[in-house]
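Here is what each chain is made of, one letter per residue.
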Amino acid sequence: MSDEVIIETKGVKVNFGDFWALKGIDMEVRRGEIIVVLGPSGSGKSTFIRTLNRLQPHSAGTVCIDGINIDDDTTVADLKKVRAEVGFVFQQFNLFPHLTIMENITLAPMKVKGMSKRESEAKALELLGRVGIPEQAYKYPSELSGGQQQRVAIARALAMDPKIMLFDEPTSALDPEMIKEVLDVMIDLAREDVTMIVVTHEMGFAKEVADRVILFDEGLLIEENTPDVFFDNPEHERTKLFLQQIL
Amino acid sequence: MIQDKILDIEQSVIGKSSSPWVKDHNDISFTYLGMGISIIYSLLSFINITSDEGTSIKVIIFAALVFLATFLAVYLTVTSILKLSFRKNPATTLLGIISAWIIYLVVSGFGHFALIDADWEVVWANRVLVIVGQLMTESLTQSYLPNQSWRLWSVLYLTFALISAAYGTTGDKPYKFLIPFTIFCGVLIYIAWNPTAINYNSDEPVMKLIGATILSYITFGLSYYYCSINEEYKANKLRSYLALSSVFVFFFAVFIMNPPEAVQELCADVFGISSSENIQLTRCGGVEASQWGGIFVNLIVATAGCVLGFGVGVVLAFGRQSELPFFKYPSVALIETVRSGPLICWLYFAVFLLPDIIDPFMDIEDIMRMLLIFGLFGGCYIAEVLRGGLQSVDSGQKEAALALGLSPMQTKLQVELPNAVRTTLPSIVSVFIGLWKDTTLLFIINILDFFKLAKDLPNTSPGYLGDFLEPLYVTALVFWIFAFYLSRISMRIEKGLGLTNEGGGEAA
């Protein structure tokens with residue numbers, strides 16, 4: 001972990017009509033840091049990480065990713081650069097059903113980075129090896145189990161060589177026996193020099209790899225602390241209540 | 001065993017017996033009694049027909065058909081009375097008996113027309129005319145015109161090769177394609193060969209059809225072999241290449257039938273035809289579009305509707321969803337205008353108004369303008385179908401593509417469109433079926449399409465005067481065959497979509 005700040009948000013607010021999903025979030029993330037975001041449903045944690053690559057435009061405040069400020073005035077080229085730099089893994093995997101696993105992974109490197117087909121396929125095979133399913137390269141997503149699909153989705157995001165990986169509840173749509181295989185891949189990833197922000201309900205994962213744990217509630221950042229302090233000796237009453245309810 | 005089968009079928013048609021004298025053990029005897037009475041009655045009608053109409057082979061076939069239909073109707077009626085089946089469920093019994101008698105009426109009425117009354121010679125004598133049109137027929141049968149039929153044959157060869165190659169990629173058992181296809185080709189060869197009322201040399205078309213059949217077997221075999229040794233994704237690749245090639249075949253057909261003048265002149269130079277000759281009367285001249293006719297016109301116009309229509313449809317569907325006002329509003333206006341007018345209006349529009357308002361369209365021929373209008377008309381319908389498909393694409397798909405850094409345009413073309421096409425293919429095919437049938441409207445603007453030619457066949461010779469029903473029946477049959485075939489394809493696609501579990505996340 002270096003001291004360089006790679007993600008910086010100030011007073012980020014998001015509203016859907018009269019409902020304010022985020023009510024001003026200030027956060028700094030340094031390069032290589034692993035951050036786990038916790039919170040009850042509807043607390044705005046997914047909305048927050050979606051603002052980081054502008055899948056969700058924010059209505060106020062600033063979001064700065066690796067020196068690029070993203071808002072309405074960001075040029076298309078800059079936005080593309082940010083999105084290529086930020087990998088995103090969805091709860092529902094969102095693999096492209098009409099493409100094979102190989103094509104799912106090579107699509108973006110070829111179309112966005114202009115990599116050659118051969119180069120990107122070699123890279124895809126390497127990534128599939130890393131997530132443990134090299135033999136599935138020429139199947140279609142519908143032929144894979146949920147856990148395998150999510151691992152492909154991680155490989156697809158990694159194919160762009162992202163500096164930042166965002167995970168939006170990556171294990172919530174999975175059957176319990178498949179959660180571990182996905183978490184193992186994420187733990188492997190955490191050992192490398194990738195900045196990660198993970199929205200999850202997996203406390204074990206948070207305790208094992210997180211540098212910082214953050215609690216969101218009702219669109220506000222309630223507490224941020226190291227895992228030891230957060231789980232054993234939280235500062236806020238709300239955190240205690242949250243931990244009591246889920247543990 | 002067989003008795004149970006017979007009883008099962010009988011009960012499903014007229015219902016269970018419910019009389020005091022029918023028990024389980026003697027149920028079948030009453031069936032046999034009914035059958036016996038029915039056979040006697042049917043035999044009488046068989047003898048009656050043959051004594052009235054003579055004993056030619058057609059009459060025997062007709063009498064046999066009537067025999068079967070009479071047997072069914074009388075047997076069901078008598079048995080239901082013997083067993084009092086109508087006491088239990090009168091609606092079922094009544095429906096069964098009425099259906100049987102309707103079958104009897106249709107078979108005896110239509111069979112009598114088709115096998116005894118009708119004189120099919122009017123169709124046989126003009127079969128070339130209704131397939132390729134006036135000028136091509138003349139070029140086949142008269143010596144003062146160069147034989148241009150190779151132009152059509154080349155299109156036919158390509159089409160056959162493509163279709164059979166496409167069947168090779170489906171992964172079905174080979175006999176599922178080979179048996180129907182062989183029967184189809186056999187029928188075509190029979191039609192070309194049948195020596196009744198023939199006015200052209202039948203050896204050439206028969207040989208060429210056999211050639212086309214063999215070519216199809218080869219391409220089918222090749223693509224089947226390729227798909228069986230490779231993974232599924234390669235078969236899908238091949239399929240999309242074949243789909244692209246079919247677009248190419250359409251443009252090739254338009255080009256080869258009537259090459260641009262420059263190409264005609266180049267050809268004349270190559271073959272050493274002096275410029276003093278009328279190029280249209282040499283083998284280098286194409287067949288002018290205004291001279292096209294027969295079922296070829298219906299096919300090419302319908303194909304234009306599908307091929308151009310799909311292209312137009314994609315553009316308009318995106319246009320309608322676009323946020324750019326100068327793209328969105330013209331698209332909406334075009335779709336709403338074209339869809340709200342009847343096709344006949346647009347055909348008249350293309351013939352009479354288009355040349356006046358748009359200069360470049362002045363010189364091109366009627367049929368070419370028809371191709372464009374069908375493309376536009378089909379495109380507007382397909383655009384609306386596709387729009388529905390695009391709206392139903394899971395928003396996660398779009399987000400995933402954007403999150404990977406794809407531009408909005410790439411997202412639309414690489415992710416949203418393929419997804420939308422997959423889910424809407426059955427509806428798109430039904431638009432195609434509609435376009436195929438609408439091609440008959442061409443006759444009102446004096447294009448000699450299949451329907452128009454068939455309708456006028458009785459006028460071709462004094463001997464055929466009054467035989468106007470036979471060509472119309474054939475027309476109906478031909479249109480039905482094509483439309484039915486298309487609808488089978490669409491059902492296949494639907495089945496294919498239902499078999500696999502689509503949608504990634506939802507499946508988990």
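Scope of this entry: the structure provided in the associated data block. (Residues numbered from 1 in each chain as written. Chains lettered and ligands numbered in written order. Predicted model: local features only at pLDDT ≥ 70, side-chain atom pairs only at ≥ 80, totals over all residues. Heavy atoms only, no water.)

1. Structural notes on the overall build of chain B
- When its secondary structure is counted, chain B shows 20 helices and zero strands.
- For chain B, the C-alpha atoms occupy an extent of roughly 85 × 70 × 50 Å along the three principal directions.
- Scored against the burial criterion, the 508 residues of chain B give a buried share of 43%.
- For chain B, long-range pairs separated by at least 24 residues make up 75% of all intrachain contacts whose partners lie at least 6 apart in sequence.
- Put simply, chain B shows about 26300 Å² of open surface, and 68% of that area lies on carbon and sulfur atoms.
- Put simply, chain B has 30 plus and 40 minus side-chain charges, and the middle of one group is 11 Å from the middle of the other. (Helix = DSSP H or I, 4+ residues; strand = E, 2+ residues; numbered from the N terminus. Buried < 20%, exposed > 50% of the residue type's maximum accessible area, 1.4 Å probe, protein only. Contact = heavy atoms within 4.5 Å. Areas by Shrake-Rupley, 256 points an atom, 1.4 Å probe, with all protein chains shown as cover. Lys, Arg positive; Asp, Glu negative; His and termini not counted. Charge placed at Lys NZ, Arg CZ, Asp CG, Glu CD.)

2. Comments concerning the sheet that holds strand β2 (residues 19-30) of chain A
All names here are of chain A.
- Taken together, the four strands give an open sheet; going across it, the order is β2-β1-β4-β5, and neighbouring strands pair in antiparallel fashion. Strand pairing shows two members of the sheet lacking a second neighbour, β2 and β5 (68-70), which therefore form its edges. The average undirected angle you get between the axes of adjacent strands in this sheet is 25 degrees.
- The sheet contact formed by strand β1 (residues 5-16) and strand β4 (residues 60-65) spans five bridges and is antiparallel. By the bridge assignment for β4, I7 is matched with I65.
- Sitting on the sheet, helix α2 (residues 76-85) touches β4 and β5, and the angle it makes with β5 is about 105 degrees. (Pairing = 2+ DSSP bridges. Axes fitted to C-alpha atoms, helices over the stretch in contact; angles between N-to-C directions.)

3. Thoughts on the sheet that holds strand β9 (residues 212-217) of chain A
Residues and elements named next belong to chain A.
- The sheet built from six strands is open, its strands ordered β6-β7-β8-β3-β9-β10 with mixed pairing. Each end of this open sheet is capped by a strand with a single partner; those strands are β6 (86-89) and β10 (220-225). Strand-to-strand, the axes of this sheet are offset by a mean angle of 15 degrees, without reference to chain direction.
- The sheet contact formed by strand β7 (residues 164-168) and strand β8 (residues 195-199) spans five bridges and is parallel.

4. As for the interface of chain B and chain A
- Taken together, the 31 residues of chain B in the interface contact 33 residues of chain A.
- Buried surface at the junction of chain B and chain A, both sides included, amounts to about 2600 Å², of which 58% is carbon and sulfur.
- When the buried surface of chain B facing chain A is broken down by residue, Y233, A403 and L404 of chain B rank first, second and third, together holding 23% of it.
- Residue K237 of chain B is joined to E103 of chain A by a salt bridge in which the shortest nitrogen-to-oxygen separation is 3.4 Å. (Buried area = accessible area lost by both parts, 1.4 Å probe. Salt bridge = Lys/Arg side-chain N within 4 Å of Asp/Glu carboxyl O.)

5. Considering the packing of helix α13 (residues 295-321) of chain B against helix α14 (residues 325-340) of chain B
All names here are of chain B.
- For the pair α13 and α14, interaxial distance at closest approach is 7 Å and the crossing angle is 120 degrees. One way to sum up the angle between α13 and α14 is to call them oblique. The crossing of α13 and α14 is left-handed. In this structure, α13 contributes V315, L316, F318, G319 and R320 to the contact, and α14 contributes F327, K328, S331, V332, L334, I335 and E336. (Parallel < 35°, antiparallel > 145°, perpendicular 65-115°, else oblique. Left-handed = near helix turned anticlockwise from the far one by under 90°.)

6. What about the side chain of N298 of chain B?
Residue and element names in this part refer to chain B.
- Relative to the helices and strands, N298 resides in helix α13.
- By relative accessible area, N298 is classed as buried at 0%.
- At a separation of 3.1 Å, a polar atom in the side chain of N298 contacts the side chain of T439.
- A distance of 3.1 Å separates polar atoms of two side chains, one belonging to N298 and the other to D449.
- Contacts of N298, omitting those with residues within four sequence positions, involve W436, T439, T440, D449, F450 and F479. (Polar contact = N/O pair within 3.5 Å; in protein donor to acceptor, adjacent residues only side chain to side chain.)

7. Points about the pairing of β8 of chain A
Residues and elements named next belong to chain A.
- Counting buried positions over the five residues of β8 gives five, a clear majority of the element.
- Because side chains alternate across β8, one face comprises the buried residues T195, I197 and V199, and the other comprises M196 and V198, equally buried.
- Where strand β3 (residues 34-38) lies against β8, four bridges are found, and the strand directions are parallel. The partner of I35 across the bridge, within β8, is I197.
- Read as a crossover between parallel neighbours, the route from β7 over helix α6 (residues 176-190) to β8 is right-handed. (Right-handed = clockwise from strand over helix to strand, strands pointing away.)

8. Some thoughts on the packing of helix α8 (residues 149-168) of chain B against helix α11 (residues 232-257) of chain B
Residues and elements named next belong to chain B.
- Interhelical geometry of α8 versus α11 gives an angle of 175 degrees and a closest axis separation of 10 Å. The orientation of α8 with respect to α11, classified from their angle, is roughly antiparallel. For the pair α8 and α11, contact is made by W150, R151, L152, S154, V155, L158, T159, L162, A165 and A166 and by L242, S245, S246, V249, F252, A253, I256 and M257, respectively.

9. What about the pattern of salt bridges?
- According to the stated counting rule, one finds 29 salt bridges over all chains in the structure shown.
- We note a salt bridge from K10 of chain A to E8 of chain A, for which the minimum N-O separation is 3.4 Å.
- A salt bridge links E384 of chain B to R320 of chain B, with the shortest nitrogen-to-oxygen separation between them at 2.8 Å. With E384 of chain B in helix α16 (residues 366-392) and R320 of chain B in helix α13, this residue pair connects regions lying 64 residues apart in the sequence. Pair check on accessibility: E384 of chain B and R320 of chain B agree, each one buried.
- When salt bridges with common partners are traced through the structure, they connect E4, R31, D66, E85 and K163 of chain A into a single cluster.

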